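Chains, contacts and geometry: an overview
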Amino acid sequence: MPEAQAPLSVATEIAQLLQRLGVPDAAHTGGELTVRSPVTGEVVAQVRQTSTAEATGTIGQAHEAFKAWRNVPAPRRGELVRLLGEELRAAKADLGRLVTLEAGKIPTEGAGEVQEMIDICDFAVGLSRQLYGLTLATERAEHRMMETWHPLGVCGVISAFNFPVAVWSWNAALALVCGDSVVWKPSEKTPLTALAVHAIAQRALARFGGAPEGLLGLLLGQRDIGEVLVDDHRVPILSATGSTAMGRQVGPKLAARFARAILELGGNNAAIVTPSADLDLTLRAIAFSAMGTAGQRCTTLRRLFVHDSVYDALVPKLAKVYGNVQVGDPREAGTLVGPLIDRAAFDGMQKALGESREIGATVHGGQRVEGIGTQDAFYVRPALVELKSHGGPVLRETFAPILYVVRYTSLDDAIEWHNAVGAGLSSSIFTLNVREAERFLSSAGSDCGIANVNIGPSGAEIGGAFGGEKETGGGREAGSDSWKAYMRRATNTINYSTALPLAQGVTFEIND
Ligand code: NAD
């Protein structure tokens, strides 16, 4: 019998993946930025950080690259994104695995994140032949009025740990076809996947041939390196994904220098379960939306309003699912809930649960699962918290698997509570009643950027515009007409007459 092989340590597997993906050893060994895998809590890399001077240089290079890239025809720019999509397809298994090891996602979610990158590349390739403007009716004879769309400049991207690769691609694929260059500051918690994406992009650039040097820049480090991007006047557009606290710092700085901001901030997403809901479907949708990615998605379901008439049919079943779900090492078959990203996430979760108990809530689950990895790995049982009323910690986003449940009797109340939080990202209603569904989607219903019927709030497709209102920041990325944020619009009026009629009938006769 051949001897069973011991599983690779996370550090060894990561080193092998990085090598296969084309990341040089020097980029992730011997540097100042310590990277831990949440899977085992062990240190897996020491990444070389970007200095402030290097960051300024990278932005300068991207600024020069933009001046050349904006003159490349958009469909040709799309060819680079097509090649990027091809390289991502080839690297999907390895990059998805790296996402699992660096961010702790279960394999299907790690691979799904890379698929999202591929999807947005496909979308952007098509878009590269559809950057259209309008022709407008003009009030003047023998005139023509139209809109043209032009590249904007360097697009800065700051991203969060929980979508370590997809968020860059939402921005980069669109920005590239729109004629912008891109400089990326990924989360300090997930620099390895960023290095891998950068290496994959270099292969696409090499195959493309002739793209300007510095078209895609990468800055690695803490928030101070992000601040360099925020403060540089050569960056006219910045997409910042992360907490609302981050947005409060970044947003005013961008506004002060009149830069365009795409803010993709925190969510506190809710769903309403009405008397007519299909409870089997609802149960499955809630389970994925609330526990998937260990509650660490911006669109995670955090608040559930259940009608009194179905509460007892749904919530005990949900509590059972919470009690049974497999929490553990995401590399193990059957695991649905992987680790929290770090100790701070664990502490934040315990604090919110403590506050819930203090206000008399019933808490199911929430305790630490011991014995996986080192003491720096944080696994928890997802928590279901039955609240007596809509108040306390439910009003803020705790980035962990906590689902608060509140009983309601009137849809008016449920919608009011639904909208009574700072964030406005994603939302759902579960109902077979067309009046309730339409009301939820109407101007008097959900106040979120995403509103769904009979699917949960998380797991958006790239074809729609993604983002939310209020403290979520108001930005939109990915599909629909989000591309317009990456370009500047010019209104052109052309006079092909011999006269000079002025708008609004104004006359201005000079004696010449
Ligand atoms: P975070 O705010 O701690 O960090 C996000 C990024 O911002 C990091 O790269 C960080 O270095 C950088 N940053 C922080 N402060 C900065 C500053 N003052 N100047 C420049 N850069 C700064 O967020 P996180 O813990 O990595 O991610 C979790 C949060 O992100 C949650 O609130 C989640 O809801 C949110 N999120 C939102 C979306 C969305 O699309 N709306 C998507 C993913 C995550």
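Residues numbered from 1 in each chain as written. Predicted model: local features only at pLDDT ≥ 70, side-chain atom pairs only at ≥ 80, totals over all residues. Heavy atoms only, no water.

- If you look the protein up in an unreviewed UniProt entry, it shows as aldehyde dehydrogenase (NAD(+)) from Variovorax paradoxus.
- What UniProt records for the protein under Sequence similarities (unreviewed entry) is the sentence "Belongs to the aldehyde dehydrogenase family." (UniProt positions renumbered as here; feature names shortened; annotations may be inferred.)

1. Remarks on the overall build of the protein
- Each helix and strand in the protein was counted, giving 14 helices and 23 strands.
- In terms of C-alpha radius of gyration, the protein reaches 25 Å, essentially the compact-globule figure of 24 Å for 512 residues.
- Once the C-alpha set of the protein is aligned to its principal axes, its extents read approximately 90 × 60 × 40 Å.
- For the protein, with 512 residues in total, the buried portion stands at 54%.
- A separation of at least 24 residues holds for 74% of the contacts in the protein among residues at least 6 apart in sequence.
- Across the protein, 47 positive and 55 negative side-chain charges occur, with their mean positions spaced 1 Å apart. (Helix = DSSP H or I, 4+ residues; strand = E, 2+ residues; numbered from the N terminus. Rg over C-alpha atoms; globule rule 2.2 N^0.38 Å. Buried < 20%, exposed > 50% of the residue type's maximum accessible area, 1.4 Å probe, protein only. Contact = heavy atoms within 4.5 Å. Lys, Arg positive; Asp, Glu negative; His and termini not counted. Charge placed at Lys NZ, Arg CZ, Asp CG, Glu CD.)

2. A word on empty space enclosed by the protein
- Following the criterion strictly, the structure yields three cavities of 30 Å³ or more and no others.
- Of the pockets and cavities examined, the largest cavity occupies roughly 90 Å³.
- Contributing to the lining of the largest cavity are A103, G104, K105, I106, E109, F161, N162, T293, A294, Q296, G338 and P339.
- Counted by class, the lining of the largest cavity contains five nonpolar, five polar and two charged residues.
- When residues are assigned to domains, the lining of the largest cavity turns out to be shared by domain 1 (71-265 + 473-490) and domain 2 (269-465), each giving three or more.
- Estimated volume of the second largest cavity: approximately 40 Å³. (1 Å grid on protein atoms, 1.4 Å probe; cavity = no way out; pocket = protein on both sides within 12 Å on 5 of 7 lines; lining within 4 Å. Points joined across faces, edges and corners; volume = space filled by probe spheres on them. Nonpolar A, V, L, I, M, F, W, Y, C, P; charged D, E, K, R; others polar. Domains from an automatic or database assignment.)

3. Things to note about the nonpolar core
- Of all hydrophobic cores here, the largest spans 109 residues; its most connected members are L95, W168, L192, V273, L304, V306 and L403.
- Looking at which domains feed residues into this core, each of domain 1 (71-265 + 473-490) and domain 2 (269-465) gives three or more.
- If we skip the residues at most four places from it in the chain, V273 touches L279, T282, I286, L304, F305, V306, H307, V310, L314, Y408 and F430. (Core = buried A, V, L, I, M, F, W, Y, C linked by side-chain atoms within 4.5 Å.)

4. Examining the packing of helix α10 (residues 279-291) against helix α11 (residues 308-324)
- Taken N-terminus to C-terminus, the directions of α10 and α11 make an angle of 45 degrees; their axes are 11 Å apart at the nearest point. Judged by the inter-axis angle, α10 sits oblique to α11. For α10 against α11, the interelement crossing comes out right-handed. Here L279, D280, L283, I286, A287, A290 and M291 of α10 lie close against α11, whose contacting residues are V310, A313, L314, K317, L318, V321 and Y322.
- Of the residues belonging to the contact of α10 with α11, the class tally is 12 nonpolar, no polar and two charged. (Axes fitted to C-alpha atoms, helices over the stretch in contact; angles between N-to-C directions. Parallel < 35°, antiparallel > 145°, perpendicular 65-115°, else oblique. Left-handed = near helix turned anticlockwise from the far one by under 90°.)

5. A short note on the sheet that holds strand β3 (residues 135-136)
- Taken in spatial order, the three strands line up as β3-β4-β23 in an open sheet, and their pairing is antiparallel. Single-partner strands in this sheet number two, and they are β3 and β23 (487-495).
- The pairing of strand β4 (residues 143-151) with β23 spans nine bridges and is classified as antiparallel. In the strand pairing of β23, T148 is matched with A490. (Pairing = 2+ DSSP bridges.)

6. Side note on the UniProt feature "domain: Aldehyde dehydrogenase" (unreviewed entry) in the protein
- When the UniProt feature table is mapped to this numbering, "domain: Aldehyde dehydrogenase" (unreviewed entry) covers residues 31-489.
- The distance separating the terminal C-alpha atoms of residues 31-489 is 43 Å; by composition the span is 40% helix and 20% strand.

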